[in-house]
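Coordinate inspection notes
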Amino acid sequence: MADTLLKVDNINVYYGNIHAVKDISFEVNQGEIVTLIGANGAGKSTTLKTISGLLKPKTGDILYKGSSIKGMRAHKIVEAGLAHVPEGRHVFLHMTVEENLDMGAYTQPNSTIAPNKEKVFELFPRLKERRKQLAGTMSGGEQQMLAMGRALMSNASMLMLDEPSMGLSPLLVQEIFDIIQNVHKEGMTILLVEQNAQMALSVADRAYVLETGRVVMDGTGAELLTNERVRSAYGKAASLVGIGCNVLLFAGKLVAGLLSSSVAIMADAVNNLSDASSNIVSLVGFKLASRAPDAEHPFGHARYEYLAGLVVSVTVLGIGFSLLKESVVKVFHPTPVAFSWLSVGVLAASILVKLWMSGFNRTIGRTIGSETLMATAADSRNDVLTTGAVLVSTVVCSLTGWARLDGIMGVAVAAFILWSGWGLVMDTLSPLLGESPSPELVEHIEQTVMGYPGVLGMHDLMVHDYGPGHQFASLHIEFPAETDPLKAHDVIDNIENDFIKRDGLQVTIHYDPIVTTDAAVGVLRTRLMEKARQLDPCL
C-alpha cells in the first residue's frame, strides 16, 4: 500500500460569509502526481492556499506526513517540506534569477543552497543562462520556471502547483508540462491545480473534479480524461458564468442607456440579454448531452451539444442581421448621439468583461473540445467589437457632430459578425451532417493498430460521431493466415480495450486472415493495390 504523504479531511473554508470549500477530502500518496481540476471558482486555488497555511479551515483537518498542519504558520509548513507555487507565479520582479532562488532557500542551512541551486539549473538550463537577469524582464514561461525553481530550493518533498499554464502560449504550456513530468521523475510528489483538464489529466496518476467547492468525482487521470461528467461539469460551469456576466452587463447598460437617452447603448444592452439566452441554451445543451443512453438512444444524447452550438451560431447571425438593419437606417437617417461619462465607463467596463469572457470560453472550449463554447467565445469577441463601435462612435460623434459615423461603424461591425456567424454555423452543422474523421484521428488509429505484434495491415476504417466523447469506430485488421485464430482474437481484444482506456473510443474490429506463404497470391495482391492507388491515391 502506498504511503500517504498528504491527507485533506473534510475541510470547510469561508471568505467572510461565502462558503468557498465544502467538505473537501482527498489524499496524495508518495511519488504521485494528483491533480485538482474544475472551472474558475470551483475552489481549487482556495484549497491549495488552505493547505499551505495562507487560509485557515473552519472545520476539518490537514495531515502532512501523518501530522496535522492545520493552523500551522506558512513558513513552518515550507520548513516541513511542502512548497507552494502560487497562481500568477509571483516572482520578485526587481531581483535577479539567482536572488529569487536564494529567497526560496531562506528556511534552509547555507550548506544546502549551492547544491540545490545546481539541481535547479540542471532542471532549468535557461535559468542558469539568465541567472543575473532581472525576473521582471523575463517571459511568462521563464517566470513560471523560476517560480518552480524557487520552490524546489526549499528542499521540498512535495510541490503544489497552482495554474502553471495560465497565460502561456500552447508551445510554452507543453514545455511547462514536460518540465513537471521531469521534476516528478526525480522523485517529487506533486499536487497540481490546473484549469486545462486535458493537459493535467494526461500527466496525473489520479485526479479529483471540483465543482462549486465540492469534490464531485475522482479517479485515475486516464479514466477522467474521457469521462462525460468532467466535460459536462466544465460546460455547465462556463454557461453559468456567462449567464451571470451577461445579466449584469444588461442591467448596467440599460441603466446607462436610460439615463443618457442613448438608443445605441440600450440596443447593446438587449444584445447582452440575448447572449444570456444563448448561455441558457448552452447550459440546457450540456445538461441534455450528459444524459445516459436509453433504449431509444443507445449511443447517448451527446449530439444535443452540437444542436446547442448551432442555436448559438444562428443567434449570432440573427444579431448580425439586426445590427445591420439598424445601422443602415442610421446611415441614411442619422440621429444625434447622446454623450455622458457614465455611458463611457459602462461601455469600457463591458469591453473588459467581454474580453475576459471570450478568453475564458475559448480556454474551456479547447480543453473539452466544445464547438458550443467556441461559438460562445466568438460571440463574446463580436460583442467587444460591437460595444467598441458604440463607444468610439459615441465619443467621436460628440466631438465632431458627424452623427452618420455611428451607422457606418455599425455596418462594418455587422458585416464582421455575419461573416463570423456563418463560419460558426458551418462548424457546428458539419458534425451533425456527418463529417469525415480528422486526419489526426485516422493516423492515430493506424499507428496504434500497426504497433501490435503480428498485424500486417488495416482497412475499411469507419468512424461514427454521436457527439463529443461519443465516437465509435469499426475496422478490419489483417493477420497472416497461419496465425492461431485464438491468439489473433486475443490481440484484437487488447486493441479494443486499449482504445477504450486511452481514448474513450469504442472500436469494433473484424479479423481478416491473409495468405502470406503463396507467392502468386502475394504478386496478385500487390498488383491489385497498385491499380487501386491509380484510381484513387488515397487508397
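Sequence order sets the numbering: in each chain, residues are counted from 1 along the sequence as written. It should be noted that, the model being predicted, local features are given only for residues of pLDDT at least 70 and side-chain atom pairs only at 80 or more, the latter also being counted only at that level, while totals for whole chains, interfaces and linings use all residues. Derived side-chain values reflect all non-hydrogen atoms in the structure, with water molecules and hydrogen atoms excluded from consideration.

This part is about the sheet that holds strand E5 (residues 67-68). Taken in spatial order, the four strands of this open sheet run E2-E1-E4-E5, and their pairing is antiparallel. With one partner strand each, in any of the chains shown, strand E2 (18-29) and E5 form the two edges of the open sheet. Looking at chain direction, strand E1 (residues 4-15) and strand E4 (residues 59-64) are connected through five bridges and run antiparallel. Along E4, the bridge assignment pairs Asn12 with Thr59. Docked against the sheet, helix H1 (residues 44-51) engages E1, E2 and E4, running at close to 115° with respect to E1. Pairs of strands are assigned from DSSP output, requiring at least two bridges between the strands. Numbered from the N terminus, helices here are DSSP runs of H or I no shorter than four residues, and strands are runs of E no shorter than two. Between two residues, a contact is recorded if the distance between any of their heavy atoms is within 4.5 Å. Orientation is described by lines fitted to C-alpha atoms, with helices fitted over the stretch in contact, and by angles between N-to-C directions that extend from 0 to 180 degrees.

Before going further, it helps to spend a moment on the pairing of strand E8 (residues 189-193). Looking along a regular strand, one sees the side chains alternate between the two faces of the sheet. Exposure classes here rest on a 1.4 Å probe applied to the protein chains alone. A residue is buried below 20% of its type maximum, exposed above 50%, and partly exposed in between. For E8, the buried fraction is high: five of the five residues fall into the buried class. Of the two faces of E8, the one holding Thr189, Leu191 and Val193 and the one holding Ile190 and Leu192 are both buried throughout. Where strand E3 (residues 33-37) lies against E8, four bridges are found, and the strand directions are parallel. The partner of Leu36 across the bridge, within E8, is Val193. In terms of strand pairing, strand E7 (residues 158-162) meets E8 through five bridges, oriented parallel.

Quick look at unusual backbone geometry now. Of note in this structure, His90 is not a glycine but carries a positive phi near 55°. Along the polypeptide, His90 turns up in the loop between strand E6 (82-85) and helix H3 (97-104). You can call His90 exposed: its relative accessible area is 53%.

The next thing to look at is the packing of helix H12 (residues 303-332) against helix H14 (residues 371-400). Two quantities define a packed helix pair, namely the angle between the helix axes and the distance between the axes. Viewed as axis vectors pointing N to C, H12 and H14 meet at an angle of 20°, and their least axial separation amounts to 8 Å. The orientation of H12 with respect to H14, classified from their angle, is roughly parallel. In terms of crossing hand, the pair formed by H12 and H14 is left-handed. Between H12 and H14, the residues in contact are Glu305, Ala308, Gly309, Val312, Ser313, Val316 and Leu323 and Glu371, Thr372, Ala375, Thr376, Asp379, Asn382 and Thr386, respectively. Residue composition of the contact of H12 with H14, grouped by class: five nonpolar, six polar and three charged. Should an angle fall under 35 degrees it is called roughly parallel, over 145 degrees roughly antiparallel, and 65 to 115 degrees roughly perpendicular, with every other angle called oblique. Handedness of a helix crossing follows the sense of rotation of the near helix relative to the far helix, less than a right angle counterclockwise being left-handed and clockwise being right-handed. Three classes are used: nonpolar for Ala, Val, Leu, Ile, Met, Phe, Trp, Tyr, Cys and Pro, charged for Asp, Glu, Lys and Arg, and polar for all others, with Gly counted as polar.

All right, on to the packing of H14 against helix H15 (residues 404-433) then. Relative to each other, H14 and H15 sit at 175°, their axes nearing to 9 Å. Classified by the interaxial angle, the pair formed by H14 and H15 is roughly antiparallel. Within the contact of H14 with H15, the residues separate by chemical class into 14 nonpolar, five polar and four charged.

Let's shift gears to the pairing of E6. Neither face of E6 is exposed, since Leu82 and His84 on one face and Ala83 and Val85 on the opposite face are all buried. Pairing geometry for E6 and E7, over four bridges, is parallel. Within the sheet, the bridge partner assigned to Val85 lies in E7 and is Leu161.

Further remarks concern the side chain of Gln108. Mapped onto the secondary structure, Gln108 falls in the loop between H3 and helix H4 (110-123). With relative accessibility at 16%, the residue Gln108 sits in the buried group. In the analysis that follows, any N or O atom pair within 3.5 Å is treated as a polar contact, provided that within protein one partner can donate a hydrogen and the other can accept it, and provided that, for residues neighboring in sequence, both atoms belong to side chains. Among the polar contacts listed, one links the side chain of Gln108 to the backbone oxygen of Ser154, at a separation of 2.9 Å. Ignoring any residue separated from it by four or fewer positions in sequence, one finds Gln108 in contact with Met153, Ser154 and Asn155.

Here a patch means residues that are over 30% exposed by relative accessible area and free of salt bridges, tied together within 9 Å if like-charged and within 5 Å if nonpolar (Val, Leu, Ile, Met, Phe, Trp, Tyr). For every accessible area listed, the method is Shrake-Rupley and the probe measures 1.4 Å; residues are considered covered only by the protein chains on display. Criterion for a salt bridge: a side-chain nitrogen of Lys or Arg within 4 Å of a carboxyl oxygen of Asp or Glu. Nonpolar side chains collect at one region of the surface, where Val255, Leu259 and Leu342 lie side by side and expose about 290 Å² of accessible area between them. Relative to the helices and strands, Leu342 is located in helix H13 (residues 341-368). Overall, the relative accessible area of 42% leaves Leu342 in the partly exposed class.

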